[in-house]
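Chain by chain, the residues run as shown.
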There are 2 protein chains.
Amino acid sequence: MEKSVSSSVIKRLPRYYRYLGELLSLGIERISSKELSQRMGITASQIRQDLNCFGGFGQQGYGYNVEYLYGEIAKILGLDFKYKAILVGVGNIGHALTQNTNFEKRGFNLVGIFDTDPQKIGMKIQNLTVLDYKEIKSFIEAECPTMAILSVPRAVANQVANELYDMGIKAFLNFSYAELAKRDDVVVENIHLGDSLMRLCYKISEKNKDEV
Amino acid sequence: MEKSVSSSVIKRLPRYYRYLGELLSLGIERISSKELSQRMGITASQIRQDLNCFGGFGQQGYGYNVEYLYGEIAKILGLDFKYKAILVGVGNIGHALTQNTNFEKRGFNLVGIFDTDPQKIGMKIQNLTVLDYKEIKSFIEAECPTMAILSVPRAVANQVANELYDMGIKAFLNFSYAELAKRDDVVVENIHLGDSLMRLCYKISEKNKDEV
DNA sequence: TAGATTGTTAATCGATTAACAATC
DNA sequence: TAGATTGTTAATCGATTAACAATC
């Protein structure tokens, strides 16, 4: 029904949200697109265009109320509703995630952790106990989580994703180096650390070339 | 001197590299832009345009030799040269990184790990001992690392980055939630896990709207 | 040679920036 | 009211796709 918002805009939303959160914590009440643009290093035009994809949140001659806009972006992102999430694979990255990430602040509620390794099953992580992956089906049926964080080895990533899909999970945060097969009714965010390293490597190499 | 390649193209390079690596391990010798485009879910035109930013790696009527192209992209990315990297901050994420990431394959060589926490200093991680952050200056002077992985708390991220900059480090892989101040002679890759979570949250919320 | 597929130019599409009337 | 700044339309810019001549 609604005209869908371009992915370029979506990618910038969390960054706006972060900056506004910072302004808020600094006690700044209002901000103009011009000042925000200077802080963020983008154009004021882009900020106004981006925000107007979702509605008019500002006021002519005044700018934007920081607290209000912060709240509105939270609503746009869907952070006001906490989706249930499970973590599949307690590797180092999976483990690190549970410790570092404030899921609650980013729209999620971690409700279950799974692994196949007997050494890990039973471990306490945060306020949760690592469960046997064999129990995941009944768990999902009972709890109906929306999202799964995939932190399993590359070789089994697609198989696990398919199993979870069949159990009803249609959203993935994918840390595995595998590329998940695309499906129309599934949303995925990939975090490929290796790709980031390679891009950085490229940038360093380019810079060095220029200097020589 | 060279016309610089657009960042849209750069972003795709690691993905090409991954796909080619996979083809290589499958024993596939040659591939046309058409077939690769189908596998990757992009257009053949885009693949040819992207590659031709760097040179003509294919052959009319034949396509691309997988092994050759794989090697060429590695060169473009700079993976053939191993830049020395240090890890600053042995939080969970920092620790996880050292275990999971095959730095060698992505252009880097991890040569030092630093923290300020006495409990962590002296720990053995991989083949390295965690050193006191106080010693980092002399270490950098001796080893001349190119890149630093910043895995420190948000509050000190910019301060640490500035210190490292003054010691000569001009490339950062930033895991901290802070946004590093931009400098002309510094290259940065940011990994903001929180942003990925929020984007996923947005996508889930949008999907749910459509279904209602 | 005929067929296939590249490299490259031209056409299209989308995203960003600029401009300005509306309005607080 | 005058000044500031938005929301929005128009202009520009860049990236993607299509087309095709070159060539293996």
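Not measured: the values here are computed from a predicted model.

**Focus: the nonpolar core**
Part 1 of the argument: Ranked by internal contacts, the top residues of the largest apolar core, which has 113 residues, are A:Leu150 and B:Leu150.
Part 2 of the argument: In this structure, A:Leu150 is in contact with A:Val88, A:Gly89, A:Ala157, A:Val160, A:Ala161, A:Phe172, A:Leu173, A:Asn174, A:Phe175 and A:Ser176, ignoring residues within four places of it in sequence.

**What to know about the sheet that holds strand 10 (residues 187-190) of chain A**
Part 1 of the argument: Spatial ordering of the open sheet is given by 6-7-5-4-8-9-10 (chain A), a layout of 7 strands whose pairing is mixed. The outermost strands of the open sheet, each flanked by one partner alone, are strand 6 (124-125) and strand 10 of chain A.
Part 2 of the argument: Sheet analysis places strand 4 (residues 83-88) of chain A next to strand 5 (residues 108-115) of chain A, joined by 6 bridges and oriented parallel. Within strand 5 of chain A, the residue paired with A:Val88 across the bridge is A:Phe114.
Part 3 of the argument: Set on the sheet, helix 8 (residues 193-211) of chain B makes contact with strand 4, strand 5, strand 8 (147-150), strand 9 (171-174) and strand 10 of chain A; between it and strand 10 of chain A the angle comes to about 170°.

**Structural notes on unusual backbone geometry**
Part 1 of the argument: The backbone of A:Cys144 shows a phi angle near 50°, a positive value even though the residue is not glycine.
Part 2 of the argument: Relative to the helices and strands, A:Cys144 is located in the loop between helix 6 (136-143) and strand 8.

**So, the protein's contact with DNA strand D**
Part 1 of the argument: Around DNA strand D there are 28 residues in total, and A:Gly56, A:Gly58, A:Gly61, B:Gln60 and B:Gly61 lie nearest to it.
Part 2 of the argument: For the surface near DNA strand D, the elements supplying multiple residues, two or more each, are helix 2 (33-40), helix 3 (44-52), strand 2 (58-59) and strand 3 (63-65) of chain A together with helix 3 (44-52) of chain B.
Part 3 of the argument: With 6 residues, the single largest contributor to the surface near DNA strand D is helix 3 of chain A.
Part 4 of the argument: Counted by class, the surface near DNA strand D contains 6 nonpolar, 20 polar and 2 charged residues.

**A closer look at the pairing of strand 10 (residues 187-190) of chain B**
Residues and elements named next belong to chain B.
Part 1 of the argument: Residues Val187 and Glu189 of strand 10 are buried on one face, while the alternating residues Val188 and Asn190, pointing to the opposite face, are not.
Part 2 of the argument: Where strand 9 (residues 171-174) lies against strand 10, 4 bridges are found, and the strand directions are parallel. Opposite Phe172, over in strand 10, you have Val188 as the bridge partner.

**Remarks on the domain arrangement of chain A**
It is common to give the size of an interface as the accessible area that goes away when the parts come together.
Part 1 of the argument: With domains assigned, chain A is organised as domain 1 (7-75) and domain 2 (83-195).
Part 2 of the argument: Distance between the C-alpha centres of domain 1 of chain A and domain 2 of chain A: 32 Å.

**Remarks on the relation of the copies chain A and chain B**
Part 1 of the argument: Mapping chain A onto chain B calls for a rotation angle of 180° and an axial translation of 0.0 Å; the resulting RMSD is 0.0 Å. Between the two chains, the operation in question is that of a two-fold axis.
Part 2 of the argument: Mapped onto chain B, 100% of the interface residues of chain A again fall at the interface, so both copies present the same surface.

**Quick notes on the protein's contact with DNA strand C**
Part 1 of the argument: Taken together, 28 residues lie near DNA strand C, and A:Gln60, A:Gly61, B:Gly56, B:Gly58 and B:Gly61 sit nearest.
Part 2 of the argument: Within the residue set of the surface near DNA strand C, elements represented by two or more residues are helix 3 of chain A together with helix 2 (33-40), helix 3, strand 2 (58-59) and strand 3 (63-65) of chain B.
Part 3 of the argument: If you tally residues by element for the surface near DNA strand C, the top one is helix 3 of chain B, at 6 residues.
Part 4 of the argument: Partitioned by chemical class, the residues of the surface near DNA strand C number 6 nonpolar, 20 polar and 2 charged.

**Side note on the environment of B:Met147**
Part 1 of the argument: With respect to the secondary-structure elements, B:Met147 resides in strand 8 (residues 147-150).
Part 2 of the argument: Along the backbone, B:Met147 and B:Leu13 are 134 residues apart, and their C-alpha atoms lie at a distance of 20 Å.
Part 3 of the argument: In this view, B:Met147 contacts A:Leu200, A:Ile204, B:Tyr83, B:Ala85, B:Phe108, B:Ala171, B:Phe172 and B:Leu173; residues no more than four positions away in its chain are not counted.

**With respect to the interface of chain A and chain B**
Part 1 of the argument: At the junction of the two partners, chain A supplies 44 residues and chain B supplies 44 residues.
Part 2 of the argument: Sorting the residues of the side of chain A that touches chain B by element identifies helix 1 (7-25), helix 5 (92-100), strand 9, strand 10 and helix 8 (193-211) of chain A as the ones contributing at least two each.
Part 3 of the argument: At 14 residues, helix 8 of chain A tops the list of elements feeding residues into the side of chain A that touches chain B.
Part 4 of the argument: Of the residues contributing to the side of chain A that touches chain B, the split by class is 22 nonpolar, 13 polar and 9 charged.

**Focus on the sheet that holds strand 6 (residues 124-125) of chain B**
Strands in a sheet are paired, the pairing made by backbone hydrogen bonds, and the direction either parallel or antiparallel.
Residue and element names in this part refer to chain B.
Part 1 of the argument: Read from one edge of the open sheet, 7 strands run 6-7-5-4-8-9-10, paired in mixed fashion. Two strands close off the open sheet at either side, each with one partner strand: strand 6 and strand 10.
Part 2 of the argument: Packed onto the sheet, helix 5 (residues 92-100) meets strand 4 (83-88), strand 5 (108-115), strand 6 and strand 8 and runs at close to 145° relative to strand 4.
Part 3 of the argument: Against the sheet, helix 6 (residues 136-143) engages strand 4, strand 5 and strand 7 (128-132), with an angle of about 165° to strand 5.

**A closer look at the packing of helix 8 of chain A against helix 1 (residues 7-25) of chain B**
Part 1 of the argument: Running from N to C, helix 8 of chain A and helix 1 of chain B point in directions that differ by 125°, and their axes come no closer than 9 Å. As summarised for this structure, helix 8 of chain A and helix 1 of chain B are arranged oblique, according to the angle between their axes. Crossing geometry of helix 8 of chain A relative to helix 1 of chain B is assigned as right-handed. On helix 1 of chain B, the residues touching A:Asp195, A:Met198, A:Arg199 and A:Tyr202 of helix 8 of chain A are B:Ile10, B:Lys11, B:Leu13, B:Pro14, B:Arg15 and B:Tyr17.

Reading the values: the criteria
- Residues numbered from 1 in each chain as written.
- Chains lettered and ligands numbered in written order.
- Predicted model: local features only at pLDDT ≥ 70, side-chain atom pairs only at ≥ 80, totals over all residues.
- Core = buried A, V, L, I, M, F, W, Y, C linked by C-beta atoms within 7 Å.
- Buried ≥ 20, exposed ≤ 12 C-beta atoms within 10 Å, placed from the backbone.
- Contact = placed C-beta atoms within 7 Å.
- Pairing = 2+ DSSP bridges.
- Helix = DSSP H or I, 4+ residues; strand = E, 2+ residues; numbered from the N terminus.
- Axes fitted to C-alpha atoms, helices over the stretch in contact; angles between N-to-C directions.
- Near = placed C-beta within 6 Å.
- Nonpolar A, V, L, I, M, F, W, Y, C, P; charged D, E, K, R; others polar.
- Domains from an automatic or database assignment.
- Least-squares fit on C-alpha atoms with pLDDT ≥ 70 in both.
- Parallel < 35°, antiparallel > 145°, perpendicular 65-115°, else oblique.
- Left-handed = near helix turned anticlockwise from the far one by under 90°.

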